[in-house]
Amino acid sequence: MANGRTETATPKRPRDAASDGKARPAASEPAPRDPRFETLSGIPVQPLYTPADIAPDQEARVGRPGEFPFTRGLHPEMYRTRLWTMRQFAGFGTAEHTNQRFHYLLAQGMTGLSTAFDMPTLMGYDPDHPMALGEVGREGVAISSLEDMEILFRGIPLDQVTTSMTINAPAVVLLAMYIAVGEKQGIPPEKLGGTVQADMLKEFIAQKEWICPPRPSVRICVDMIEWCAKHMPKWNSISISGYHIREAGATAVQELAFTIADGIGYVEECRKRGMDVDEFAPRLSFFWDVHNDFFEEIAKFRAGRRIWATLMRDRFGAKNPRSWQLRTHAQTAGVSLTAQQPLNNVARVALQALAAVLGGTQSLHTNSMDETLALPTEEAATVALRTQQILAYESGVTATPDPLGGSYFIEALTDRVEAEALRYIHRIDEMGGIITAVERGYPQKEIADSAYRFQQQVEREERIIVGVNKFQSDEEVAIPVLKIDPEIERRQIERIRAVRAKRDAGAYSRAMTALRDACLSEKNLVPFVLDAVRAYATLGEISDVFREAYGVYREPAVF
Amino acid sequence: MTAPASQSAPSAGTIAEQILSGDARAVARGMTLIENGSPEGEALLDRIFGKREPAPRVGITGPPGAGKSTLVAEYARLLRGEELQVGVVAVDPTSPFTGGAILGDRVRMGEHATDPKVFIRSMATRGSLGGLAARTGDLCELLDAWGSRVTLIETVGVGQSELDVAEASDSVVVVLTPESGDAIQALKAGLMEIADVIVLNKADHAGADAMEAALRSSLAFRGDKGWKPPIVRTIAIERKGIEAMHEALLEHRRYTGAAERAAALRREKTRLRIRNAVRDGLLNAWLERQDFDAELDRAADGVLRGESSPHRAARDLTERMIRHGERTN
Amino acid sequence: MARKIRVLVGKAGLDGHDRGAKVVASAMRDAGFEVIYTGLHQTPEMIVQAAVQEDVDAVALSILSGAHMTLFPRVHELMKERGIADVLLTGGGIISKEDMATLQSQGVGQLFGPGTSTVAIVDYIRDWAAKHRGGKVPAAG
């Protein structure tokens, strides 16, 4: 058996194979490469797909792009009329640094902003909190007060760009800050366009950036959905995410199922509040991972749209066709990138991006080749953006919607992925819904099992990762790595102390008292957080109010 | 090169002194000696025996997902609020296939993770043929010497471990939830037999009333054994009901502490403890001395060849071992 | 009674990506280790107190946030203060080769980057324990 160091390209001829006494196929046909072809979710892939593999009612099941159930895409012409948004995640260091990176990317042709925050911000800590030690400005931009937010968007007219903010536990604070910055630019909330991720259910399942336990966290998400439905018609108040679930180890089917289950959970909570589904559903958005299994990912996108449309119309009685549409952002799979031979990642990302486009995504982030080592360098981030531009302008795949529609394989696989996901969704319904399932650790356990199984497959070389367990090389390609200046932490601490010192103490304490009271009531918290933010309360201070009111979450160890 | 631990290891007497002065590292190392069944461990136990008042041991068991860890963490918080030093032994199952274990109970106890007056030790069952209760009890003795005023023993109520927990504890709390119906069927009457206090956690969930009623009726079947286990409702994650559980435990302690009962209980426990230790000691000594594995292989081969039934083979082997023991004495 | 290798597996700092830590913990369990899994959001103080109380042979930290040059040295320092400098400090995550070398020169053990097999990590700890902790159980059958 080859030791995996180098491998010839010639396939083995039957008489070279091990003499194990097994019957050989006819001499003219080489032995099959792998007796077991499966998608990453474990769905067996047949040696051939024919018309017989397509369901008899295929035309009705699949429909046309822009029509229920939207299997083929949300719009009749898709990218012929308008390309997907090229939205590259950016954020590091201080607000000034990220503001510079924003301006750079906008000048390079990026069409929407996407903000990454540092760990202390994501977890609701100010830079001078002991838990923030060593982490300020590292994995994203440090935003602790309205002052930071104003600097972050300096020179960027908020009525002319859309901004996605990847923030969850303290999302209501960042949303309030964005609105306040808009106010200072003379732009009212109803003119602001963008997304705040604010999907706490997937935090408990996968990403694990939380402050409070599940039920109060979901309450705050619903507050945002409710408030934005009334005051921010162009704003996506939640991005129901599969990306993190996938990255934590879920299969494509599990990613699809748990994300949709989360969506069902939010819809049910909103309806419990008395909202009409058509009031808020058009502004729910989604976020998929795009992983390596090319056709399975395309099937997942298509199945996702079909499942959601059917649920919204038939289970929740939505009347507005825009309520039936699963609008999604997509990001190529970070977890599929390798530190070994990082240039290979450019090829991976290109294929994944193509799958997302053939899957019909509304917006796309492509990872940079050096992202396993650290935050991307400017050069690597540019190549990632160019990958999308090459797809859009050179490849011709935008000329017609859902180019793979009607393919025997794609339709069969879409049906299969849908069926498997629905099984999970039914099981979660039977448990009493996703919040209960999360409290019991059900999706967490499924994910841990899939992750462990995958790792074992890789270590047994049943799954190949090029450059890692096959085609390895000894040389190390030097990719310039972005180093974060530890001065940033010191400066950010100084700045937050200055903000606390110079703000109007009276306005601050009135706003915080009102917020504290509101937390213990049934009132919508968004206006109270807005007042606190305008009074320059810090992110950490507002998060502490939540900690006091709702407690701090500790998860069970689920294996 | 190699630096085997025994070369520079302190004596049992030294470790004992360190433990009595509250040295956590010494406690931990003492616990390892005991878990590994080493003679140094036994010497250590001899040294610390009777040096401190034993702390009441509260066993907390129940089906997975009942919220035991959260309850233990919240109870420890209450006890710390009364300035009491707290010991926690958290038991999790060893995988019968690999011999390894994931001990994850500390995760929920983050609040106490830097409190020097809370000692948390995670213990794997290690697939013992009995001996788990003894080992748990031994660790509790070290915690007594360290200065614990209450020791909490947390286990999952599956397999035999709930019986072990009963043996090692002075009071047993069985934690259930409104959803535990199936679990109780599966886990049989055992749980109900050993419970001194029943906690109905997640009491805000649907079905709490029905579950409480079901529990009351199954308790009625226990007959009148003197102590009637109260049913306490809690919502551990919101810190509700912990005081009530504490009161129930204090009440149980007063009940068992009443002179007549206490003496009889103590005698029974001591007898049981010695009996189990002798049983384990004899068995281990014999197994080591008589090349048991080889005998076992021979017996198994015989059975596989069809020469005798497994029962016969076992009986023969036992008789031979007894005769051998008599001869060498 | 057999001696077991006890390893603390935890994540220091705020980063919540525990897929790697859990996979490694599972592999260690399958190799016959007792894994004290302390989970997320551990401070150096929490980790070291746990290491002391659990009398572990090794502390294995997973750090993907880039804060390893602050966190590993701090944990190491506390281990020395609390008298458990003889315990192995290892781990993995997104750590450059240069940083690994710097940490190793300070007394931290071998560290493992992305794509490392669980077998490599398990073998490393088992070999280290056999050399330094004496008399540990050999590989599970």
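Thresholds, definitions, all that
- Residues numbered from 1 in each chain as written.
- Chains lettered and ligands numbered in written order.
- Predicted model: local features only at pLDDT ≥ 70, side-chain atom pairs only at ≥ 80, totals over all residues.
- Heavy atoms only, no water.
- Helix = DSSP H or I, 4+ residues; strand = E, 2+ residues; numbered from the N terminus.
- Buried < 20%, exposed > 50% of the residue type's maximum accessible area, 1.4 Å probe, protein only.
- Contact = heavy atoms within 4.5 Å.
- Areas by Shrake-Rupley, 256 points an atom, 1.4 Å probe, with all protein chains shown as cover.
- Rg over C-alpha atoms; globule rule 2.2 N^0.38 Å.
- Lys, Arg positive; Asp, Glu negative; His and termini not counted.
- Charge placed at Lys NZ, Arg CZ, Asp CG, Glu CD.
- Buried area = accessible area lost by both parts, 1.4 Å probe.
- Salt bridge = Lys/Arg side-chain N within 4 Å of Asp/Glu carboxyl O.
- Polar contact = N/O pair within 3.5 Å; in protein donor to acceptor, adjacent residues only side chain to side chain.
- Pairing = 2+ DSSP bridges.
- Axes fitted to C-alpha atoms, helices over the stretch in contact; angles between N-to-C directions.
- pLDDT = per-residue confidence, 0-100.
- Expected span 1.5 Å × (residues − 1).
- 1 Å grid on protein atoms, 1.4 Å probe; cavity = no way out; pocket = protein on both sides within 12 Å on 5 of 7 lines; lining within 4 Å.
- Points joined across faces, edges and corners; volume = space filled by probe spheres on them.
- Nonpolar A, V, L, I, M, F, W, Y, C, P; charged D, E, K, R; others polar.
- Patch = residues over 30% accessible without salt bridge, like charges linked within 9 Å, V, L, I, M, F, W, Y side chains within 5 Å.
- Disulfide = S-S within 2.5 Å.
- Parallel < 35°, antiparallel > 145°, perpendicular 65-115°, else oblique.
- Phe/Tyr/Trp six-rings, centres within 6.5 Å; stacked < 30°, edge-to-face > 60°.
- Lys NZ or Arg CZ within 6 Å of the ring centre and 35° of its normal.
- Arc of directions from axis to C-beta.

Visitor: An account of the overall build of chain B is needed here, citing residue identities and associated values.
Guide: On a plain count of helices and strands, chain B comes out with 14 helices and 8 strands. For chain B, with 329 residues in total, the buried portion stands at 49%. Look at the contacts in chain B between residues 6 or more apart in sequence, and 77% of them connect residues 24 or more apart. Taken as a whole, chain B presents about 16,400 Å² of accessible surface, with 54% of it coming from carbon and sulfur.

Visitor: Could you give me a rundown of the overall build of chain A, with the residues and numbers involved?
Guide: What chain A contains, in helices and strands, is 20 helices and 10 strands. Computed over the C-alpha atoms, the radius of gyration of chain A is 24 Å, within 12% of the 24 Å expected from 2.2 N^0.38 for a compact globule of 559 residues. Overall, chain A is about 90 × 55 × 45 Å in size when its C-alpha atoms are taken along their principal axes. Taking all 559 residues of chain A together, the buried fraction comes to 59%. Taking contacts inside chain A between residues at least 6 apart in sequence as the whole, the part at least 24 apart equals 79%. Side-chain charges of chain A comprise 64 positive and 74 negative groups, with the mean position of each set lying 2 Å from the other.

Visitor: Summarise the interface of chain C and chain B; cite the residues concerned and give the values.
Guide: In this complex, chain C contributes 32 residues to the contact, which on the side of chain B involves 34 residues. For the pair chain C and chain B, the summed buried area comes to about 2,800 Å², and 50% of that belongs to carbon and sulfur atoms. Counting across the interface, chain C meets chain B through 5 salt bridges. The closest approach of N and O atoms between Arg29 of chain B and Asp86 of chain C, which form a salt bridge, is 3.3 Å. On inspection of chain C and its partner chain B, the count reaches 19 residue pairs in polar contact (both at pLDDT 80 or more). Those elements that provide at least two residues to the side of chain C that touches chain B are helix H1 (19–30), strand S2 (34–42), helix H2 (44–54) and helix H5 (118–132) of chain C.

Visitor: Now, about the sheet that holds strand S3 (residues 58–63) of chain C: what can you tell me, with residues and values included?
Guide: With parallel pairing, 6 strands are arranged side by side in an open sheet as S3(B)-S2(C)-S1(C)-S3(C)-S4(C)-S5(C). What marks the edges here is a single partner per strand, and that holds for strand S3 (101–103) of chain B together with strand S5 (111–112) of chain C. Against the sheet, H2 of chain C touches strand S1 (6–12), S2 and S3 of chain C, its axis set at about 165° to S2 of chain C.

Visitor: Which residues make up the interface of chain A and chain C, and what values go with them?
Guide: Accessible area lost when the parts come together is the quantity often used to give the size of an interface. Every contact between the two is made by 36 residues of chain A and, on the other side, 31 residues of chain C. Roughly 2,700 Å² is buried in total at the junction of chain A and chain C, and carbon and sulfur atoms are behind 58% of that figure. Linking chain A with chain C are 1 salt bridge, by the criterion used here. A salt bridge links Asp18 of chain C to Lys208 of chain A; its shortest N-O distance comes to 2.9 Å. For the side of chain A that touches chain C, the secondary structure elements donating two or more residues are helix H3 (119–123), helix H6 (200–207), helix H8 (243–247) and helix H16 (442–459) of chain A. Looking at which element gives the most residues to the side of chain A that touches chain C, the answer is H16 of chain A, with 6 residues.

Visitor: Tell me about the environment of Leu103 of chain B, residues and numbers included.
Guide: You can see Leu103 of chain B is positioned in strand S3. Separated by 10 residues in the primary sequence, Leu103 of chain B and Pro93 of chain B have C-alpha atoms spaced 8.2 Å apart. If we skip the residues at most four places from it in the chain, Leu103 of chain B touches Asp92, Ser122, Met123 and Ala124 of chain B together with Arg6, Glu34, Val35, Ile36 and Tyr37 of chain C.

Visitor: Describe the confidence of the model for chain B, and please don't skip the residues or the numbers.
Guide: Residues and elements named next belong to chain B. Here chain B averages 86 in pLDDT, and 88% of its residues register 70 or above. The element-level mean pLDDT for chain B is lowest in helix H1 (residues 5–8), coming to 50, with strand S4 (residues 118–124) highest at 97. For residues 1–7, every residue scores under 50 in pLDDT, and the model assigns this stretch 4 contacts once sequence neighbours within four places are set aside.

Visitor: How would you sum up helix H6 (residues 132–146) of chain B? Please name residues and give values.
Guide: Residue pairs spaced three or four apart in an α-helix point in one direction, given the helix's 3.6 residues per turn. Residue and element names in this part refer to chain B. For H6, with 15 residues, the first-to-last C-alpha span of 21 Å sits near the 21 Å given by 1.5 Å per residue. H6 sits mainly inside the fold: 14 of its 15 residues count as buried. Where H6 ends, the next residue or the one after it, Gly147, has phi of about 125°, a positive value.

Visitor: Give me the lowdown on empty space enclosed by the protein, citing residues and values where you can.
Guide: Applying the stated criterion across every chain yields a total of 6 cavities of 30 Å³ or more. Approximately 80 Å³ is the volume attributed to the largest cavity. Listing elements by their share of the lining of the largest cavity, those giving two or more residues are H6 and H16 of chain A together with H1 of chain C. Residues belonging to the lining of the largest cavity are distributed by class as follows: 6 nonpolar, 1 polar and 4 charged.

Visitor: Can you break down the sheet that holds strand S7 (residues 238–241) of chain A residue by residue, with the values?
Guide: Residue and element names in this part refer to chain A. Spatial strand order, S1-S10-S9-S8-S7: 5 strands in an open sheet with parallel pairing. Each end of this open sheet is capped by a strand with a single partner; those strands are strand S1 (85–86) and S7. Relative to strand S8 (residues 284–290), S7 is paired through 4 bridges, and the arrangement is parallel. Residue pairing in the sheet places Ile240 in a bridge with Phe286 of S8. Helix H11 (residues 294–315) contacts S8 and strand S9 (327–332) of the sheet and is inclined by roughly 160° relative to S8.

Visitor: How would you sum up a negative patch on the surface? Please name residues and give values.
Guide: Residue and element names in this part refer to chain B. A cluster of acidic residues, Asp291, Asp293, Asp297 and Asp301, forms a negative patch on the protein surface. As for its position among the elements, Asp293 is in helix H13 (residues 292–304). For Asp293, a relative accessible area of 55% gives the class exposed.

Visitor: Could you give an account of the state of the cysteines, naming the residues involved and the relevant values?
Guide: Enumeration over the complete set of coordinates arrives at 0 disulfides over all chains. Summary of cysteine pairing: Cys270 of chain A is not part of a disulfide, and the nearest cysteine sulfur, belonging to Cys221 of chain A, is at 9.4 Å.

Visitor: Please give an account of the packing of helix H5 (residues 171–184) of chain A against helix H7 (residues 214–231) of chain A that cites residues and values.
Guide: Residues and elements named next belong to chain A. For the pair H5 and H7, the least separation of the axes is 10 Å and the interaxial angle reads 30°. Taken as axis vectors, H5 and H7 run roughly parallel relative to one another. Contacts from Ala171, Val172, Leu175 and Ile179 of H5 reach H7 at Ile220, Met224, Trp227 and Cys228. Within the contact of H5 with H7, the residues separate by chemical class into 8 nonpolar, no polar and no charged.

Visitor: Account for the side chain of Ser450 of chain A, with residues named and values stated.
Guide: Residues and elements named next belong to chain A. Here Ser450 is to be found in helix H16. With relative accessibility at 4%, the residue Ser450 sits in the buried group. The contacts of Ser450, once residues within four sequence positions are left out, are Gly249, Ala250, Thr251 and Gln254.

Visitor: Talk me through a nonpolar patch on the surface; I want residue IDs and the actual numbers.
Guide: A contiguous nonpolar patch, built from Ile464, Val466 and Phe471 of chain A and spanning about 240 Å² of accessible area, is present on the exposed surface. Along the chain, the position of Ile464 of chain A falls in the loop between H16 and helix H17 (487–502).

Visitor: Before we move on, could you go through the packing of aromatic side chains and cite the residues and values that matter?
Guide: With the rule as written, the count across this model stands at 21 aromatic pairs over all chains. Between Phe68 of chain A and Trp324 of chain A, the ring centres sit 5.5 Å apart and the planes meet at 80°, which makes this aromatic pair edge-to-face. You can see Phe68 of chain A sitting in the loop between helix H1 (58–62) and S1 and its partner Trp324 of chain A sitting in the loop between H11 and S9, a full 256 residues away along the chain. For the pair Tyr79 of chain A and Trp84 of chain A, a centre-to-centre distance of 5.1 Å together with 80° between the ring planes defines the contact as edge-to-face. Comparing Tyr79 of chain A with Trp84 of chain A, the two get one shared label, buried. One aromatic cluster in this structure is built from Tyr49, Phe294, Phe295 and Phe409 of chain A. Positioned over the ring face of Phe559 of chain A is Lys22 of chain C, at 5.4 Å from the centre of the ring.

Visitor: Quick rundown of the pattern of salt bridges? Include the residues and the values.
Guide: Within this structure, the stated rule accounts for 70 salt bridges over all chains. The partner of Asp415 of chain A in a salt bridge is Arg61 of chain A, and the shortest N-O contact between them spans 2.7 Å. Remark: Arg61 of chain A occurs in helix H1 and Asp415 of chain A occurs in helix H14 (residues 408–431); sequence separation between them is 354 residues. The closest approach of N and O atoms between Lys300 of chain A and Glu255 of chain A, which form a salt bridge, is 2.9 Å. Of this pair, Lys300 of chain A sits in helix H11 while Glu255 of chain A is found in helix H9 (residues 252–272), placing the two residues 45 residues apart along the sequence. Side by side, Lys300 of chain A and Glu255 of chain A carry an identical accessibility label, which is buried. Among the charged side chains, a salt-bridge network with shared partners connects Glu35, Arg106, Arg121, Arg126 and Arg135 of chain B together with Arg6, Glu34 and Glu54 of chain C.

Visitor: Before we move on, can you summarise helix H10 (residues 208–220) of chain B with the specific residues and values?
Guide: Residue and element names in this part refer to chain B. Taking 1.5 Å per residue as the helical rise, H10 with its 13 residues ought to reach 18 Å, and the 18 Å between its terminal C-alpha atoms agrees with that figure. Of all the residues in H10, the buried ones are Ala208, Met211, Glu212, Leu215 and Leu219. Around the axis of H10, the buried residues are gathered within 100° of arc, so they sit on the same side. Turned more than 90 degrees away from the buried face of H10 sit Asp209, Ala210 and Ala220, all of them exposed.

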